[in-house]
Amino acid sequence: MSNTVIPLLLDSLASAALIFFAAVGLTLVFSVLRVLNVAHGSLYSIGAYVAASICLFIASRQLSPYLSFVALLFSAVFVAAILGPLIERTLIRWTYGKSEAVQILITFGLFLMLEDLQRMVFGVQSLYEDAPVRLLGTSQIGGVVYLNYQIFLIGMAVLVVIGLRMLIRHTRLGRLITAVVADREMAQSIGIDTNRIFILAFSLGVFLAALGGALAMPTSGVAPGLGADTMVLAFAVAAIGGLGQIEGAAVAALIVGLARVLAIYFVPSLDAVAPYAAMLVVLLIRPYGLFGAVTARRI
Amino acid sequence: MQPILEAKDLHVAFNGVKAADGVSLSIHDGEFLAIIGPNGSGKTTVLNLCTGYVRPKSGSVHLDGQDITRLAPRAIARLGVARAFQIPQLFSDQRVIDNMMLSLAAKDGLWTMMRPLETEARRAEAEALLGLVGLADDKNRISNTLPEGHRKLLDIAVALALKPRLLLLDEPTSGVSALERFPLMEALMGALRQRQITALFVEHDMDVVARYANRVLVWNAGNIMAEGHPDEVFKDQRVLQSVVGVA
C-alpha cells in the first residue's frame, strides 16, 4: 500500500505545484484588476520558450549547467519586465470597468497574437532542455525512484505561496494592492498611483505565469498549443478556488493535482478529464468556488 | 498676496441644472473658509471641481498659480490638496492605524514598494496624528466599528496624513450627534492650527460656521449670493431667508 501511497502523494503535490503556477497569476490579476486574462496561458508558454532557449544556449556553449537554474528565474523576470507593462498599458488598461465579454474578447485577441508571435520567434518545433532535472538527480522514496526536481517544484510552490502572502500582507506594495482592491476611488483620493499599482500587479501576474512555464519546461518541454492547454487548466483551477482567491488557487491546485494523479494511477484514460470533473463537482456544490463569495473581494 | 487656491469663472451644470454659473472664488493661506447654502445649490460641486472629481465646462482652478483644472484627483492630492468626505471614505475592513499608515505611505516612491508598510517612524507619525484628533485609543479597532463621529475624525486624520496645505471638508459635522459636534470641531481646528493647514469646508450647521469660519461664502443656484465674515453675512436678510430659513 505504502508503495503506492507515497509516490501518489508526491506525484499529486508535484502536479499541484505546476498547476498552481499556471493559475495563481490569473487569479492575482483578476483580484486586483478585475480582468479575466484569457492570454494568461500564452504568457506561461512564453516563459517556457524563453527558459528553453536560454537553457539550450547554456548547454550549447558548454557553460556551467547550474546556470540553467538562474536561467529559469531570469526567464520569468525577463518576460514579466518586458511584456507586463507593455500589455497592461497598451491593451489591458482599456478593459477596466468594461463587461466580462469585452475583456474576454480583447484578451482572446491578445492570446491569438501571442500564439502567432511564439510561432514566429520560436518556430513550431518542440524545445526541451532537462539540465536542471539531471543536475538534481533522483531519490528512492518508498521503493520508488523519484525525480528530485519534482520535490524542488513542490518547494518552489510553497515558497511562492508564502512569498505572495508576505508580499500582500507586509510590504508596502502588497498593502497598496489590497487598498486598491478594497476601494479604488478611496485609494486615488489619498494619492495612491493606481495606474502604477495596476502595472505592477499585472506584471507580477505575468511573472508568476512565466515562472510556471519556465519551471515546467525541464520536465515536459514546450511546444505549440501549450498556452491553450494551460489557459483552460488555469481557468478550471481559478474557478474551483474562487476567482481572485490566492489561497483558493493553492487548494484547488491540490485538488486538481490529486484528481489527475489518481486518474493516471487507476484510470489512465481519464487523465485529461479529471481536472474538469473536479471543477464540475466543486461548482455544483459551491458555484462561486471553494473560497469565493458573491460579493467579497479578497486577495 | 497670491491665494493658495483660485477658481475663475467656473461653469458646470448637471442635466441642465447649473451648479456653478460663472463663479470665481479664492482662499488664502491660513483661512478657514466656509461655504453654506441650500441643499442642491452646488456646494459639494465646488469641492469636486477643486479636487478633480468634476471638470468644469469652462473656467479654471489654480493651486499656487498652477492650473489644476484638468488634473486627476490623485495628481491634485499629490500637490497638497486633501479631501474629507461627507460620508467618511475609509478602508472599512482595516484597522484605524492601517488606514493612517496607508495614507502616510501612499505617495512614497517606487523603490520602497518592497519595504514593509509598517515601520517604526510611520507608526509613530500615524499615532501622533491619531492623538491630534483624539483617536489614539481607537488605533487597533477596525474602522467600520467606530461611531460616526470617530469615523469622521479618522477621515480627517487620513487627509491630514497626506500633509496637505489645503484641506477640503464636506460637511464635517453631518451625521454626528449634537454632543460630538463641537468636540469634533475643536479637535479638527486644533489639528489644522498646529499643522498650519488652510481649510475650505461645506457646512449646514450655522453654529459651527459662526464659531469657526473666518469667512463665509453663501452659495445659491450656482452663484455666490453673499460673502464676508460670519457676523456680517448672518445679518443679511436674503441669506437668512434662503439658507437659515428665517423670514
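These notes cover the structure that comes with them. Quantities reported herein were computed from a predicted structural model and do not represent experimental measurements.

What counts, and at which threshold
- Residues numbered from 1 in each chain as written.
- Chains lettered and ligands numbered in written order.
- Predicted model: local features only at pLDDT ≥ 70, side-chain atom pairs only at ≥ 80, totals over all residues.
- Axes fitted to C-alpha atoms, helices over the stretch in contact; angles between N-to-C directions.
- Helix = DSSP H or I, 4+ residues; strand = E, 2+ residues; numbered from the N terminus.
- Parallel < 35°, antiparallel > 145°, perpendicular 65-115°, else oblique.
- Left-handed = near helix turned anticlockwise from the far one by under 90°.
- Contact = placed C-beta atoms within 7 Å.
- Pairing = 2+ DSSP bridges.

Before going further, it helps to examine the packing of helix α7 (residues 172-182) of chain A against helix α9 (residues 194-220) of chain A. Helices that pack against each other are described as a pair by the angle of their axes relative to one another and the distance between those axes. Residues and elements named next belong to chain A. Where α7 meets α9, the closest approach of the two axes is 10 Å, and the angle between their N-to-C directions is 110°. Regarding the angle of α7 to α9, the classification is roughly perpendicular. Both α7 and α9 take part in a crossing whose hand is left-handed. When α7 is examined against α9, the residues L173, L176, I177 and V180 are found in contact with a partner set consisting of T194, I197, L200 and A201.

All names here are of chain A. When strand β1 (residues 138-141) meets strand β2 (residues 144-147), the two strands line up antiparallel, connected through four bridges. Counted as the bridge partner of T138 is L147 from β2. The antiparallel hairpin formed by β1 and β2 contains two residues in its connecting segment, where G142 sits at a positive phi of about 60°.

Bringing the sheet that holds strand β7 (residues 166-170) of chain B into the picture now. All names here are of chain B. Strand order in the open sheet formed by six strands is β6-β7-β8-β3-β9-β10, with mixed pairing between adjacent strands. Two strands close off the open sheet at either side, each with one partner strand: β6 (81-84) and β10 (223-228). The mean inter-strand angle of the sheet, taken between neighbouring strand axes irrespective of direction, is 20°. Alignment of strand β3 (residues 32-36) against strand β8 (residues 198-202), held across four bridges, turns out to be parallel. Counterpart to A34 in the pairing with β8 is F201. Where helix α1 (residues 43-50) meets the sheet, its contacts fall on β3, β6, β7, β8 and β9 (215-220), and the angle it forms with β7 comes to roughly 145°. Contacts between helix α5 (residues 148-160) and the sheet are confined to β6 and β7, with β6 contributing the most and set at about 170° to the helix.

The analysis is restricted to geometry; functional conclusions fall outside its scope.
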